[in-house]
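Now for the letters of each chain:
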Amino acid sequence: MTTTDVEITADLVRDLLREQHPDLAHLPLRLGARGWDNQLWRLGDDLAVRLPWATESADALLRKEHAWLPGLAPRLPLPVPVPQRLGEPGALFGRPWIVTTWVPGEPADRAPVTRPGSADVLAAFLSALHRAAPDAAPAGRGRGGPLADHTEGFEHGLAEVVERGLVPDPDAVRAVWHDAVAAPAWDGPPLWLHADLHPANVVTADGALSGVIDFGDLCAGDPAYDLAGAWRLLPDGAVDRFYAGYRPGADDATRRRARGWAAATAIGGLLVGDAGDHGRPGGKSSWGPPARATLERLVATAP
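Overview of the structure. Nothing here was measured: the structure is a model prediction, and the numbers come from that model.

Below, the discussion takes up the overall build of the protein chain. When helices and strands are counted, the protein chain shows ten helices and ten strands. Over its C-alpha atoms the protein chain spans a radius of gyration of 19 Å, differing by no more than 12% from the 19 Å that the globule rule assigns to 303 residues. Oriented by its inertia axes, the alpha-carbon framework of the protein chain measures out at about 60 × 40 × 35 Å. Within the structure as shown, the protein chain displays about 13400 Å² of accessible surface, and the carbon and sulfur contribution to it stands at 54%. For the protein chain, the distance from the average position of its 29 positive side-chain charges to the average position of its 39 negative side-chain charges is 4 Å.

Structure (structure tokens):
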């Protein structure tokens, strides 16, 4: 549900820039996308303006990106939206907003990753990101913590997709989850996580993974949460290649937990996709096909 009282228009964004960052106000401006938390406006050739519009939590997520991502971005081998400026709440717009670098490409929920070599690209990206995080690093919103804490939510989501006829073999999906929960928990230090690696948060060019966006859920925790992205983003048969390139490597328990997170997040994607197909609020039809493909991969590769 939209929580921003002011309608976000090009004129409003231009006025905000004139008021707080006038040196950028002359650049061409056009709407890029309306995301889950934020609207994205492209500013010139190299920048973007992101403004919260649909969730109360978006304000804190933008401030978190502004605080942490500039320090992490230089070591990442893919383009990411590096915060450049912070806009503070004011009379024109009562919420914070940021200016970031623009990441070119098409979101993978609309232009999927099809090139197997993207497994190497994703492995290199997560190898670079997954370093020990400082004690002050933000905690995840239930992401990157113990998998077992989410069993009730998993079962509720599975029941709903079954009721809607979206999953033909719920027992096979449940088996993936049970095996993941039975795996030993992460006992290493909390690592930096993107914590939201679904197809709408990566971009592609000619079928290749070319960028990662939306670091609002950046946090520290179990790397299995991000490793689930290999099942959600890569084409069939590419997960083994991904793990071959991921450093320092993932043990069997971590791979099992990653499969569980992939199953749980795919169920969420199915529900968002179904809502889009039927015109319900918050729905995005483009989320359904990649979520369905994720579950098919997981079930097909079950031990």
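On to unusual backbone geometry. As a rule of thumb, non-glycine residues mostly have phi less than zero, and peptide bonds are mostly trans rather than cis. Cis geometry marks the peptide bond from Arg247 to Pro248, where omega comes out at 10°. Along the chain, Pro248 turns up in the loop between helix 8 (239-245) and helix 9 (252-277). Unlike most non-glycine residues, Ala195 shows phi in positive territory, near 70°. You can see Ala195 is positioned in the loop between strand 7 (191-193) and strand 8 (202-205). One non-glycine residue with positive phi stands out, namely Asp206, at about 55°. One can find Asp206 in the loop between strand 8 and strand 9 (208-212). Given a relative accessible area of 67%, Asp206 falls into the exposed group.

Our next topic: helix 9. For helix 9, built from 26 residues, the straight-helix expectation of 38 Å at 1.5 Å per residue is met to within 8% by its first-to-last C-alpha distance of 37 Å. Counted residue by residue, helix 9 has 19 buried out of 26 residues, so it is predominantly covered. Immediately downstream of helix 9, the backbone of Gly279 shows phi near 70°, a positive value.

Judged by pairing direction, the sheet is antiparallel, and its five strands sit side by side in the order 1-2-3-5-4 without closing on themselves. Pairing within the sheet leaves two strands with one partner each, and these edge strands are strand 1 (29-34) and strand 4 (83-87). Across the sheet, the axes of successive neighbouring strands diverge by a mean angle of 25°, strand direction being ignored. Looking at chain direction, strand 2 (residues 38-43) and strand 3 (residues 47-52) are connected through six bridges and run antiparallel.

The rules behind these values
- Here the residue numbering is sequential within each chain, running from 1 through the sequence in written order.
- Only residues with pLDDT of at least 70 get local features here, since the model is predicted, and only at 80 or more are side-chain atom pairs given and counted; chain-wide, interface and lining totals rely on the full set of residues.
- Hydrogen atoms and water are omitted, and side-chain values are computed over all heavy atoms in the structure.
- Segments assigned H or I by DSSP are reported as helices when at least four residues long, segments assigned E as strands when at least two residues long, and all are numbered from the N terminus.
- We compute the radius of gyration over the C-alpha atoms and compare it with the globule rule, which gives 2.2 Å times the number of residues raised to the power 0.38.
- Note on areas: Shrake-Rupley, 1.4 Å probe, and residue coverage restricted to the protein chains presented here.
- In this tally, Asp and Glu contribute negative charge and Lys and Arg positive charge; neither His nor the terminal groups of the chain are included.
- Charge coordinates come from a single atom per side chain, which is NZ of Lys, CZ of Arg, CG of Asp or CD of Glu.
- Categorising residues by exposure relies on relative accessible area from a 1.4 Å probe, with only protein chains included: less than 20% of the type maximum marks a residue as buried, more than 50% marks it as exposed, and the intermediate range marks it as partly exposed.
- In this analysis, the expected span of each helix is defined as 1.5 Å times one less than the number of residues it contains.
- Strand pairing requires that DSSP identify at least two bridges connecting the strands.
- Orientation is described by lines fitted to C-alpha atoms, with helices fitted over the stretch in contact, and by angles between N-to-C directions that extend from 0 to 180 degrees.

Such coordinate-based values are descriptive only and should not be taken to indicate function.
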